[in-house]
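Close look at the chain arrangement
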Amino acid sequence: MASLTLALRRTAPQLRTQSFRNASSSMFMRAITTETTKKPPTAILMTNMGGPEKLDDVHDFLLNLFSDRDLMQLPLQSLTSKWIAKRRSPSIREQYAQIGGGSPILKWTRKQGEVMEKILDEISPETAPHKHYIAFRYVTPSTDAALEAMKKDNVKRAVVFTQYPQYSCSTTGSSLNELHHGIKAAGMEDSVDWSIIDRWNTHPGFIEATASLIEKKLKEYTPEERKDAVILFSAHSLPMSVVNRGDTYPAEVGASVQHVMKRLEGKYPHRLVWQSQVGPSAWLGPQTSDAIEGYGKQGKKNLVLVPIAFTSDHIETLFELDLEYGELAEKSGVTGFKRVEALNGNEIFTRALADIVKEHLDSKQLVSRQWYLRCPGCTSEKCKDTREYFASKDSTQ
Ligand SMILES: C=CC1=C(C)c2cc3[nH]c(cc4nc(cc5[nH]c(cc1n2)c(C)c5CCC(=O)O)C(CCC(=O)O)=C4C)c(C)c3C=C
Ligand code: FES
Ligand SMILES: [Fe+2]
């Protein structure tokens, strides 16, 4: 009785009053059932960079991006970031204007999250209800807003789920460092049982979704054209300084490509190429644009571009790949230039998202072993502190 009283003291006040009025066991059972239905959700915190929803958000998006020291280090960054954001805004605004006036990333992440949580309720009733929250690094909904919402919902168990399939310290790493800061600021270090899905670059569901979208696109060719088709996997490039620091992203993107090609039974020749480099420093190549030109010169007519490192449309697919490279392909004599759809609302993909979370919950793992090993060239105190915090909660560490 004493322990039940104690247990009830920790539940909602209306349940307490109700139960003490009539202390029969059936009443307790009902109170406990009511309590169960009010169980706080298992939070799935979907982290990503985000994008400007409308043209007026472009400047602040760029300012936040150029201020992120996990993404890039600039001299006098608090000043230079302002200068670059202002100078770059007009051209980037124009690119967003050409793709419909903003980034569709929030729309797609919400859709993916809603479908994922419904599937999870079905396949993992023991951890239901599930609720997705969105934490964008450079725009709203921000990490702080997501943490506030989780607090309001009295969340006790949270899975941080990076929406970048492949890990890079410049993307997922930056989000995790910011999250750690936010958790401390919100006083949620001990009130929530945290775990992290930090990469899923070879998950069978992700590979299947990508491969089936490639097959769908290839069907648009005649059998003759298909015989000559070349698959160009295109991913956002990295500065060579980041590659040489020991970032795992290039190898992880490579592994995704290998798995997709295995699923396609190696039927087509392929290359992995890199796009969207910014600024004058050296970036990982070959560049997507050079590859299109080069294959054009070699007489290749049928190039299929596959965005392999991002889960929804953004300026790099809709502007850079479709518009810029579409024109370049035409000039280069690539008459059969095609771009595979982004994963967006693809059903195989949303099912994969739910499966990834379910497998993670069942594994009881806090985070991958790989994540604890910092880049050999890492000198960031933030990277160190974030890992120390999560390691302190991890019984395997
Ligand atoms: C896996 C994806 C990405 C990696 C890795 C990545 C690394 C990275 N990016 C920059 C600099 C910029 N990126 C910018 C935009 C941008 N970056 C990604 C993805 C990755 N970046 C996306 C999807 C976008 C566009 C968002 C959209 O809505 O389309 C920009 C801003 C645009 C511009 O000014 O050209 C910059 C700058 C660095 C330095 C970096 C690795 C260190
Ligand atoms: S930069 Fe890779 S772990 Fe810090
Ligand atoms: Fe980028």
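Residues numbered from 1 in each chain as written. Chains lettered and ligands numbered in written order. Predicted model: local features only at pLDDT ≥ 70, side-chain atom pairs only at ≥ 80, totals over all residues.

The protein has the name Ferrochelatase in an unreviewed UniProt entry, where Phycomyces blakesleeanus is given as its organism. Its UniProt record gives the protein the following Function (unreviewed entry) comment, quoted word for word: "Catalyzes the ferrous insertion into protoporphyrin IX." The protein has a UniProt comment under Catalytic activity (unreviewed entry) that states "heme b + 2 H(+) = protoporphyrin IX + Fe(2+)". (UniProt positions renumbered as here; feature names shortened; annotations may be inferred.)

Notes on the overall build of the protein
Along the protein, the regular secondary structure elements total 17 helices and eight strands. A buried classification covers 42% of the 397 residues belonging to the protein. Within the protein, contacts between residues separated by at least 24 positions form 79% of all contacts whose residues are at least 6 apart in sequence. (Helix = DSSP H or I, 4+ residues; strand = E, 2+ residues; numbered from the N terminus. Buried ≥ 20, exposed ≤ 12 C-beta atoms within 10 Å, placed from the backbone. Contact = placed C-beta atoms within 7 Å.)

Observations concerning the sheet that holds strand β5 (residues 230-236)
The strand order β6-β5-β7-β8 describes an open sheet built from four strands, whose pairing is parallel. Sheet topology places β6 (270-275) and β8 (336-339) at the edges, where each strand pairs with a single neighbour. Strand after strand, the sheet turns through a mean of 25 degrees between neighbouring axes, direction not considered. Against the sheet, helix α9 (residues 204-218) engages β5, β7 (302-307) and β8, with an angle of about 155 degrees to β7. The strands touched by helix α12 (residues 249-263) are β5 and β6; relative to β6, the strand with the most contacts, the crossing angle is about 145 degrees. (Pairing = 2+ DSSP bridges. Axes fitted to C-alpha atoms, helices over the stretch in contact; angles between N-to-C directions.)

With respect to the site of ligand 1
Taken together, the neighbourhood of ligand 1 is formed by 24 residues, with Gly51, Ser170, His236, His314 and Ile315 sitting nearest. Among the elements of the structure, α5 (77-98) and α14 (315-331) are those that each provide at least two residues to the shell around ligand 1. Tallied by class, residues from the shell around ligand 1 come to 15 nonpolar, seven polar and two charged. Here the shell around ligand 1 spans two domains, since at least three of its residues come from each of domain 2 (44-201 + 348-392) and domain 3 (204-339). (Near = placed C-beta within 6 Å. Nonpolar A, V, L, I, M, F, W, Y, C, P; charged D, E, K, R; others polar. Domains from an automatic or database assignment.)

Examining the domain arrangement of the protein
According to the domain assignment, the protein consists of domain 1 (2-38), domain 2 (44-201 + 348-392) and domain 3 (204-339). Centre-to-centre separation of domain 2 and domain 3, based on C-alpha positions: 25 Å. Residue-level contacts link 30 residues of domain 2 with 26 residues of domain 3. Where the side of domain 2 that touches domain 3 is concerned, the elements lending two or more residues are α5, α6 (105-123) and α15 (347-363). With six residues, α15 is the largest single contributor of residues to the side of domain 2 that touches domain 3. Its residues placed into classes, the side of domain 2 that touches domain 3 shows 16 nonpolar, 11 polar and three charged.

Points about the nonpolar core
Soluble globular proteins tend to bury their nonpolar side chains together. In terms of nonpolar packing, the biggest core is built from 90 residues, with Leu45, Val159 and Val357 touching the most fellow members. It is α15 that provides the largest number of residues to this core, a total of seven residues. Per-domain counts for this core show at least three residues from each of domain 2 (44-201 + 348-392) and domain 3 (204-339). (Core = buried A, V, L, I, M, F, W, Y, C linked by C-beta atoms within 7 Å.)

Considerations on the environment of Ser78
Along the chain, Ser78 turns up in helix α5. For Ser78, a count of 8 C-beta atoms within 10 Å translates into the label exposed. Separated by 145 residues in the primary sequence, Ser78 and Pro223 have C-alpha atoms spaced 55 Å apart.

Re the environment of Gly101
Assignment of secondary structure puts Gly101 in the loop between α5 and α6. Aside from chain neighbours lying at most four places away, what touches Gly101 is Lys54, Leu55 and Tyr96.

Notes on the pairing of β7
The element β7 is largely enclosed, with a buried count of six among its six residues. Taking every second residue as pointing to the same face, both faces of β7 are buried, with Asn302, Val304 and Val306 on one and Leu303, Leu305 and Pro307 on the other. Note: β5 against β7, five bridges, orientation parallel. Considered in β7, the bridge of Ile231 is made with Val304. Here four bridges tie β7 to β8, and the two strands are oriented parallel to one another. Bridge pairing links Val304 to Lys338 in β8.

Digging into the environment of Trp274
Note that Trp274 resides in strand β6. Between the alpha carbons of Trp274 and Leu284 there is a distance of 6.8 Å; along the sequence they are 10 residues apart. The residues touching Trp274, leaving out its near neighbours within four places in the chain, are Ala235, Ser237, Trp283, Leu284, Gly285, Pro286, Gln287 and Thr288.

A word on the sheet that holds strand β4 (residues 193-197)
Read across the sheet, four strands follow the order β2-β1-β3-β4 without closing on themselves; strand pairing throughout is parallel. Of all strands in the sheet, those with a lone pairing partner are β2 (130-136) and β4, marking the two edges. Neighbour-to-neighbour, the strand axes of the sheet open up by a mean angle of 25 degrees, direction not taken into account. Where strand β1 (residues 42-48) lies against strand β3 (residues 157-162), six bridges are found, and the strand directions are parallel. Along β3, the bridge assignment pairs Ile44 with Val159.

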